[in-house]
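# Structural overview for review
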Amino acid sequence: MHSMRVWTDHLLPRFTDRALGTKRVGRLRERVCAGLHGTVVEVGFGSGTNVGYYPPEVERLLAVEPSTVARRLSEQRIAGAPPGLSVEFVGLDGAGIVLPDASCDAALSTFTLCTIPDVEGALAELRRVLKPNGRLHFLDHGLSDDPRVERWQHRLDGVQQRWAGGCHLDRPIRQLVEQAGFSVIECERPTLPGPKILGALYLGTAHVAA
Ligand SMILES: C[S@@+](CC[C@H](N)C(=O)[O-])C[C@H]1O[C@@H](n2cnc3c(N)ncnc32)[C@H](O)[C@@H]1O
């Protein structure tokens, strides 16, 4: 097998599981999951790291995830989910979600809007499957508001995409959410320690604009 494919298909999902499974990121996951309830669609479910942070008000989790290895890594977390939470896989691509219109109470995306190739398509799909009062909860890294960091993010974006499975450094997450027809209710800009080009976060919620 080509060595790049070994990295992206087999090693990267394990690396992501570790790198995004730290305590500090866990505290942010807890915050982004607060307020989720009922039926939730999670796009880019990955290795299921959010499962332990879902509040008890969530009854049904509909997971969209293309990586076979990540889905396999998630099995243990799904097995440890509270008895009141059912987890189902509903497809492979956030830009083509196989769920009816207005069928979900909430949507969750963590560290995935940076990666989905057709991010506009995926946000449009999340908007379509949300009920009129439904909310999108998002946590991602993206474009910094520091111009010096921003310059490096644009410069290094191509390199990052090659080694990180299509992950972009410089997506303006809040703007993308708004352009897709959501109204942002709140959006904090926490930072992670380490390289500034990776640590500019967006943590927020949005609802379908009237
Ligand atoms: C950086 S990982 C984040 C995983 C997880 N959400 C987390 O918070 O740890 C990005 C995830 O997006 C998934 N992904 C890539 N393309 C996608 C697509 N078109 N639709 C949905 N998910 C996608 C990847 O397979 C990967 O699991």
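Throughout what follows, the structure given in this document is the object of discussion. (Residues numbered from 1 in each chain as written. Predicted model: local features only at pLDDT ≥ 70, side-chain atom pairs only at ≥ 80, totals over all residues.)

## A closer look at the overall build of the chain
Secondary structure assignment for the chain yields seven helices and seven strands. Each helix and strand of the chain, ordered N terminal to C terminal, gives the series α-α-β-β-α-α-β-β-α-β-α-α-β-β. For 210 residues, the compact-globule estimate of 2.2 N^0.38 gives 17 Å, and the C-alpha radius of gyration of the chain, at 16 Å, lies within 12% of that figure. Contacts in the chain between residues far apart in sequence, at least 24 positions, make up 70% of those at least 6 positions apart. (Helix = DSSP H or I, 4+ residues; strand = E, 2+ residues; numbered from the N terminus. Rg over C-alpha atoms; globule rule 2.2 N^0.38 Å. Contact = placed C-beta atoms within 7 Å.)

## Side note on the sheet that holds strand E4 (residues 104-110)
Reading across from one edge, E3-E2-E1-E4-E5-E7-E6 is the order of the seven strands in this open sheet, with mixed pairing throughout. Strands with a single pairing partner mark the edges of an open sheet, and in this sheet they are strand E3 (86-89) and strand E6 (182-188). Pairwise comparison of adjacent strand axes, ignoring direction, gives a mean angle of 20° for this sheet. The pairing of strand E5 (residues 130-141) with strand E7 (residues 201-208) spans seven bridges and is classified as antiparallel. The residue bridging Phe138 from the neighbouring strand is Gly204, located in E7. Where helix H2 (residues 23-33) meets the sheet, it contacts E4, E5 and E7, and its direction lies at approximately 165° from that of E5. (Pairing = 2+ DSSP bridges. Axes fitted to C-alpha atoms, helices over the stretch in contact; angles between N-to-C directions.)

## Observations concerning unusual backbone geometry
Positive phi, normally seen in glycine, also occurs at Ala102, with a value near 50°. Relative to the helices and strands, Ala102 resides in the loop between E3 and E4. Positive phi, close to 55°, is recorded for Phe111, a residue that is not glycine. Mapped onto the elements, Phe111 comes out in the loop between E4 and helix H5 (119-129). Residue class for Phe111 comes out buried when judged on the 22 C-beta atoms lying within 10 Å of it. (Buried ≥ 20, exposed ≤ 12 C-beta atoms within 10 Å, placed from the backbone.)

## With respect to the nonpolar core
Within soluble globular proteins, side chains that are nonpolar generally end up buried alongside one another. Ranked by size, the top nonpolar core spans 44 residues in total, and within it Val40, Val41, Ala107, Leu126 and Val177 carry the most contacts. Contacts of Val40, omitting those with residues within four sequence positions, involve Val58, Leu61, Leu62, Cys104, Asp105, Ala106, Ala107 and Leu108. (Core = buried A, V, L, I, M, F, W, Y, C linked by C-beta atoms within 7 Å.)

## What about the environment of Thr49?
Inspection of the secondary structure assignment puts Thr49 in the loop between strand E1 (38-43) and strand E2 (58-64). Distance in space between the C-alpha atoms of Thr49 and Gly26 is 8.7 Å, their sequence separation being 23 residues. The residues contacting Thr49, other than those within four sequence positions of it, are Asp17, Leu20, Gly21 and Arg29.

## A word on helix H6 (residues 147-163)
For H6, with 17 residues, the first-to-last C-alpha span of 24 Å sits near the 24 Å given by 1.5 Å per residue. When the local axis directions of H6 are compared, the greatest deviation, roughly 55°, occurs at Leu156. Of the residues one or two after H6, Gly165 is the one with positive phi, at around 65°. (Expected span 1.5 Å × (residues − 1). Bend = angle between axes of the 7 residues up to and from the residue.)

## Section: the pairing of E4
Among the seven residues in E4, six count as buried, and that is most of the element. When E1 meets E4, the two strands line up parallel, connected through three bridges. Within the sheet, the bridge partner assigned to Val41 lies in E4 and is Ala107. Two strands pair when backbone bridges link them, and E4 and E5 are joined in this way by six bridges, in the parallel orientation. Residue pairing in the sheet places Leu108 in a bridge with His137 of E5.

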